[in-house]
Amino acid sequence: MKFADGFWLNQKGYEVNYTAQPYEIKTTKNSINVWATAQYIQNRGMTLGGPCLDITFSSTAKDVIKVTIDHYKGALDNAPKFELDEDQGYTPEITDDGENMVMVSGKTKLVINKYSWNIAYYYDGKKLTGGGWRATTVINESKFKVSSRLAEHQDDTFWSYPLDERSTYLREQLTLSVGECIYGFGEKFTTFVKNGQNVEVWNSDGGTCCDQSYKSIPFYVSSRGYGILVNSSDKVSFEIASDTVSKASFTVPGEHLEYFIIGGENLTEVLSNYTTLTGKPALPPAYTFGLWLTTSFTTKYDEETVTSFIDGMAERDIPLQVFHFDCFWMKEYEWCNFEWDTRQFPDPPAMLKRLKAKGLEICVWINPYIAQRSKLFDEGKANGYFIKNPDGSVFQADMWQPGMAIVDFTNPAACEWYASKLRALCEMGVDCFKTDFGERIPTNVTYYDGSDPIAMHNYYTYLYNKTVFNVLKEYYGENKACLFARSATVGGQKFPVHWGGDCSAEYTSMAETLRGGLSLCLSGFGFFSHDMSGFEATATADIYKRWAAFGLLSTHSRLHGNSSYRVPWLFDKDGSTECVDVLRFFTKLKGRLMPYIWSQAIKTHEVGVPMMRAMVIDYADDPACLFLDRQYMLGDNLLVAPIFNEEGTAEYYLPAGQWTDIISGKVYEGGKYYNEKYDYFSLPCLAKPNSIIAYGAFEKNFEYDYLTNTEFVIYGLEDGKSASASIYDTEANKVFDLTASRSGDTVEVTYTATDKPFKVTVFGKDTVEVNPTTGGKVIIKL
């Protein structure tokens with residue numbers, strides 16, 4: 001929200017009161033409390049009115065400083081709360097140096113001037129950000145302004161904008177340094193660097209072509225090495241170098257604002273600290289990294305159609321891991337009833353048994369809505385399982401399913417009722433669920449637990465996906481649950497995988513999909529997927545092949561569309577088989593990379609750094625990497641630059657060092673841009689300097705022995721440097737470590753004991769085969 005009218009004035013209709021003086025400061029063993037006034041108090045008479053703000057600084061984890069700001073503490077507190085892992089017993093160091101109050105948490109430091117409103121945050125001596133004059137603010141909106149705002153949006157759809165009568169806002173405004181870049185806010189498809197943008201945290205079903213977002217997260221990270229989480233499930237509004245071009249501001253409606261500033265040695269550590277607070281990404285099963293194929297959405301399909309697609313992939317030697325049934329596995333007008341449409345699938349248990357005999361895992365589509373024609377509607381209505389209107393009647397709408405109701409996941413009985421339907425499907429043979437929707441949640445409603453309906457709009461998705469994820473975790477076990485989720489909020493990373501929503505079959509949409517994914521992964525999410533070749537319309541063969549390469553070098557890879565099928569032979573024309581051949585090539589490449597991919601997935605789960613990451617995460621000290629949004633690191637050691645044009649050219653940048661293309665074998669010097677043309681069986685996929693990539697003995701199942709006959713290829717190892725690789729089994733147990741160290745023209749490779757043969761290669765040199773051993777080393781001369 002913008003309140004300023006240039007530098008000197010504020011917009012009409014707002015009374016803006018800036019914090020001016022830390023009038024009184026008190027400390028406890030783990031907090032600093034400031035009674036802050038909106039003017040300098042010069043006599044007793046000035047204490048007779050306000051507004052004043054009650055501000056508490058504390059720390060509940062190393063390198064995390066928490067700021068709690070209250071105007072009126074008596075305000076109703078019924079907003080849903082993010083599930084945060086805070087240590088209330090953590091004790092930061094608090095000192096008074098005479099001029100300032102100082103709090104130190106790890107290497108992150110807060111400095112509060114005792115005499116005028118000025119705060120600053122540092123990490124290891126480096127200033128991160130701060131606030132001063134016109135920073136912390138309480139704002140009152142006039143009754144006329146409120147009425148005008150409500151009138152402007154009175155005809156909006158019931159979920160698109162909250163008809164919010166609140167008239168008080170709290171705002172914080174933090175400094176931005178020259179050249180500082182801001183990223184994140186969840187899955188945002190707008191320009192990658194968010195400077196100059198207004199960002200509204202409000203989940204919407206708007207596709208990938210606009211500023212709306214399926215996954216809105218009130219969290220951003222800075223190229224200076226810190227993150228800010230606004231701890232509110234409400235409609236948070238950010239102005240990033242926009243309202244005031246040298247500041248980042250965030251505004252919440254109501255009387256309470258809380259945020260965390262998160263420090264770290266680098267962005268990896270910042271994200272690790274953030275996910276320690278909000279939850280680490282769960283580890284999806286190894287099979288989920290294989291190729292997924294779906295029925296598509298509005299296409300006509302039955303068991304014969306499904307079987308023809310699956311057998312067609314096998315006949316063409318394209319390894320397929322998961323088959324997904326989209327919405328029409330259920331009867332039309334009855335979503336969701338969680339029952340197969342027996343007109344198309346007369347014997348579902350037998351069908352699933354036949355498909356699983358082909359080595360496939362099964363996914364089915366669901367959402368949190370119950371159509372009036374579903375047999376579950378009357379049951380849900382009678383038991384109070386649905387969100388209600390203020391008058392106590394069931395909320396219903398015709399958008400998506402006629403007369404649909406929405407499950408109230410604040411009601412434990414409704415959660416168990418919904419979960420019971422999913423468990424029955426697991427017992428039938430379903431392995432995972434696509435949890436679609438969760439964004440179109442109305443605000444003029446009531447919930448079982450009395451939650452604020454406006455704040456529940458964003459938070460609803462958390463309860464929905466948590467309920468479904470827990471069904472799978474309880475049924476299949478730890479590290480065996482996987483969703484294909486579209487909506488999310490803070491903490492949603494605990495319920496992977498998330499995909500990018502409704503993109504179109506064109507290069508611009510492919511690029512916006514990547515931007516959204518990189519922004520999401522800068523917001524604490526570890527894994528990301530998208531509809532290969534686009535959801536809307538039907539791609540050309542050219543786009544299909546380029547998107548297949550991009551999709552199979554993403555963490556999760558799914559072929560899915562709206563009104564047309566996505567099997568590759570339907571895209572080949574005039575006797576060509578190139579779409580088939582390209583899909584096969586990149587599927588098998590990903591299969592061979594599984595020992596590397598799986599180890600990186602486990603790191604994502606344990607550390608919280610995303611597996612598919614923007615260049616700025618690993619290379620924030622390289623100015624060129626601050627703005628790159630058409631390439632990414634896939635794990636620690638692989639750089640991928642998809643091709644976004646029909647000319648087949650890739651423009652990409654390599655940081656310093658010697659990079660090796662693992663497909664072509666070509667070696668590149670870093671520190672500069674490249675512009676090259678690629679055929680459909682290639683794209684820039686480069687191993688970084690001083691790295692090891694493990695290539696497995698893949699056949700067709702993505703769950704296999706990741707050590708036996710695996711080849712460890714050492715790339716660009718510099719004199720005096722070392723590199724390492726670890727191998728895990730499909731249950732996520734570490735089974736092997738290998739380290740390579742170079743001294744002059746000698747590379748020494750050491751490894752742990754194993755009863756399985758493997759190979760070691762220094763790129764460009766002969767391969768050394770190693771037989772089962774109790775551990776040892778190999779010496780390779782360059």
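Use the structure listed above.
First, a word on scope: everything that follows refers to the structure included in this document. (Residues numbered from 1 in each chain as written. Predicted model: local features only at pLDDT ≥ 70, side-chain atom pairs only at ≥ 80, totals over all residues. Heavy atoms only, no water.)

Across its full length, the chain holds 12 helices and 47 strands. Burial analysis of the chain (782 residues in total) assigns 61% to the buried set. The contacts in the chain between residues at least 6 apart in sequence include a share of 69% that link residues at least 24 apart. Carbon and sulfur atoms provide 48% of the accessible area of the chain, an area that totals close to 28700 Å². (Helix = DSSP H or I, 4+ residues; strand = E, 2+ residues; numbered from the N terminus. Buried < 20%, exposed > 50% of the residue type's maximum accessible area, 1.4 Å probe, protein only. Contact = heavy atoms within 4.5 Å. Areas by Shrake-Rupley, 256 points an atom, 1.4 Å probe, with all protein chains shown as cover.)

Glancing now at unusual backbone geometry. A cis amide bond links Trp335 to the next residue, Cys336, at an omega of -5°. Looking at the element boundaries, Cys336 is found in the loop between strand E23 (322–325) and helix H4 (348–357). Across the junction of Pro496 and Val497, the peptide omega takes the value 15°, indicating a cis bond. Considering the arrangement of structural elements, one finds Val497 in the loop between helix H7 (453–476) and strand E28 (498–499). At Asp574, a residue that is not glycine, the phi angle is positive and equals roughly 55°. Structurally, the position occupied by Asp574 is in the loop between strand E31 (557–559) and helix H10 (578–592). Within the chain, Asn709 stands out as a residue other than glycine whose phi angle is a positive 60°. With respect to the helices and strands, Asn709 occurs in the loop between strand E40 (691–695) and strand E41 (710–715).

We now examine the pattern of salt bridges. One pass over the structure, following the stated rule, counts 38 salt bridges. Residues Glu651 and Arg630 are paired through a salt bridge, measuring 3.9 Å at the closest nitrogen-oxygen approach. Of this pair, Glu651 sits in strand E35 (residues 649–654) while Arg630 sits in the loop between helix H12 (615–618) and strand E33 (632–634); the two residues are 21 residues apart in sequence, bridging distant segments of the chain. Given a relative accessible area of 45%, Arg630 falls into the partly exposed group. (Salt bridge = Lys/Arg side-chain N within 4 Å of Asp/Glu carboxyl O.)

Our focus in this paragraph is the sheet that holds strand E21 (residues 256–263). Taken together, eight strands build an open sheet; the order of strands is E4-E5-E6-E7-E21-E18-E17-E15 and the sheet is antiparallel. Each edge of the open sheet carries a strand with a single partner, namely strand E4 (21–27) and strand E15 (182–186). Strand-to-strand twist across the sheet, computed as the mean angle between neighbouring axes with direction ignored, equals 20°. In this structure, strand E18 (residues 226–230) lies alongside E21, joined through five bridges in antiparallel fashion. The partner of Gly227 across the bridge, within E21, is Ile262. (Pairing = 2+ DSSP bridges. Axes fitted to C-alpha atoms, helices over the stretch in contact; angles between N-to-C directions.)

This next bit is on a nonpolar patch on the surface. On the surface, Phe7, Trp8, Leu9 and Trp133 cluster together into a nonpolar patch covering about 580 Å² of accessible area. Mapped onto the secondary structure, Leu9 falls in strand E2 (residues 9–10). (Patch = residues over 30% accessible without salt bridge, like charges linked within 9 Å, V, L, I, M, F, W, Y side chains within 5 Å.)

Before going further, it helps to spend a moment on H7. Its 24 residues place the ends of H7 34 Å apart at the C-alpha level, agreeing with the 34 Å of an ideal helix rising 1.5 Å per residue. Taking the largest bend as the criterion, H7 deviates by roughly 50°, centred on Tyr459. After H7 finishes, the residue Gly477 shows a positive phi value of roughly 110°. (Expected span 1.5 Å × (residues − 1). Bend = angle between axes of the 7 residues up to and from the residue.)

Glancing now at the sheet that holds strand E19 (residues 237–240). Read across the open sheet, the six strands follow the order E3-E13-E14-E20-E19-E16; overall the sheet is antiparallel. With partners counted over all chains shown, the strands left at the sheet margins are strand E3 (14–18) and strand E16 (197–200), one partner each. This sheet shows a mean twist of 20° between the axes of neighbouring strands, independent of strand direction. Sheet topology places E19 next to strand E20 (residues 247–253); four bridges connect them, and they run antiparallel.

Along the chain, the position of Thr19 falls in the loop between E3 and E4. For Thr19, a relative accessible area of 5% puts it in the buried group. For the pair Thr19 and Cys327, spaced 308 residues apart in the sequence, the C-alpha separation amounts to 53 Å. For Thr19, the residues in contact, after removing those within four places along its chain, are Ala36, Thr37, Ala38, Leu53, Trp117 and Thr136.

This part is about the pairing of E4. Sheet topology note: the E4/strand E5 (residues 31–37) ladder contains six bridges and is antiparallel. From the neighbouring strand, Pro22 faces E5, where its bridge partner is Ala36. What sits between the antiparallel neighbours E4 and E5 is a turn of three residues.

Right, let's get into the state of the cysteines. Within the structure shown, the criterion is met by zero disulfides. Not part of a disulfide, Cys336 finds its nearest cysteine sulfur in Cys327, a span of 8.2 Å. The exposure class assigned to Cys336 is buried, which follows from its relative accessible area of 0%. (Disulfide = S-S within 2.5 Å.)

A few words on the packing of helix H8 (residues 507–521) against helix H9 (residues 541–552). In a packed pair of helices, the relevant descriptors are the angle between the two axes and the axis-to-axis distance. One can describe the packing of H8 onto H9 by two numbers: an axis separation of 11 Å at closest approach and a directional angle of 15°. For the element pair H8 / H9, the angle class is roughly parallel. Of the two elements, H8 crosses H9, and the hand of that crossing is right-handed. On the side of H8, the interface is formed by Tyr507, Ser509, Met510, Thr513 and Leu514, while H9 contributes Asp542, Ile543, Arg546, Trp547 and Phe550. Of the residues that constitute the contact of H8 with H9, the class distribution is six nonpolar, two polar and two charged. (Parallel < 35°, antiparallel > 145°, perpendicular 65-115°, else oblique. Left-handed = near helix turned anticlockwise from the far one by under 90°. Nonpolar A, V, L, I, M, F, W, Y, C, P; charged D, E, K, R; others polar.)

For the rest of this paragraph, the subject is H4. All of the buried residues in H4 are Pro348, Met351, Leu352 and Leu355. In a view along the axis of H4, the buried residues occupy a sector of 95°, so they form one face of it. In H4, the exposed positions angled more than 90 degrees off the buried face are occupied by Lys353 and Ala357. The elements touched by buried residues of H4 are helix H3 (303–315), E23, strand E24 (361–366) and helix H6 (412–428). Gly359 sits one or two residues past H4 and shows a positive phi near 90°. (Arc of directions from axis to C-beta.)

A few words on the packing of aromatic side chains. The final tally for this structure, using the stated rule, is 61 aromatic pairs. Look at Trp365 and Trp400: their rings are 6.1 Å apart centre to centre, the planes differ by 45°, and that puts the pair in the tilted class. Taken together, the residues span a long stretch of sequence, with Trp365 in strand E24 and Trp400 in the loop between helix H5 (376–383) and strand E26 (405–406) at a distance of 35 residues. Under the relative-accessibility criterion, Trp365 is labelled buried at 0%. (Phe/Tyr/Trp six-rings, centres within 6.5 Å; stacked < 30°, edge-to-face > 60°.)

Let us now look at the pairing of strand E46 (residues 767–770). Looking along a regular strand, one sees the side chains alternate between the two faces of the sheet. The sheet contact formed by strand E45 (residues 758–762) and E46 spans four bridges and is antiparallel. From the neighbouring strand, Phe758 faces E46, where its bridge partner is Val770. Linking two consecutive strands that pair antiparallel, namely E45 and E46, is a turn of four residues; a positive phi of about 90° is found at Gly764 within it.

Right, let's get into the nonpolar core. Among the nonpolar cores identified, the biggest contains 209 residues, and Phe325, Phe433, Tyr460, Leu583, Trp598, Phe712 and Val749 are the most heavily contacted of them. Looking at this core, the element that brings in the most residues is H7, giving 10 residues. Among residues more than four places away in sequence, those in contact with Leu583 are Leu291, Met313, Ile318, Met532, Tyr544, Ala548, Leu552, Leu559 and Pro568. Within the second largest apolar cluster, 40 residues are counted, among which are Ile65, Leu110, Ile182 and Leu257. (Core = buried A, V, L, I, M, F, W, Y, C linked by side-chain atoms within 4.5 Å.)

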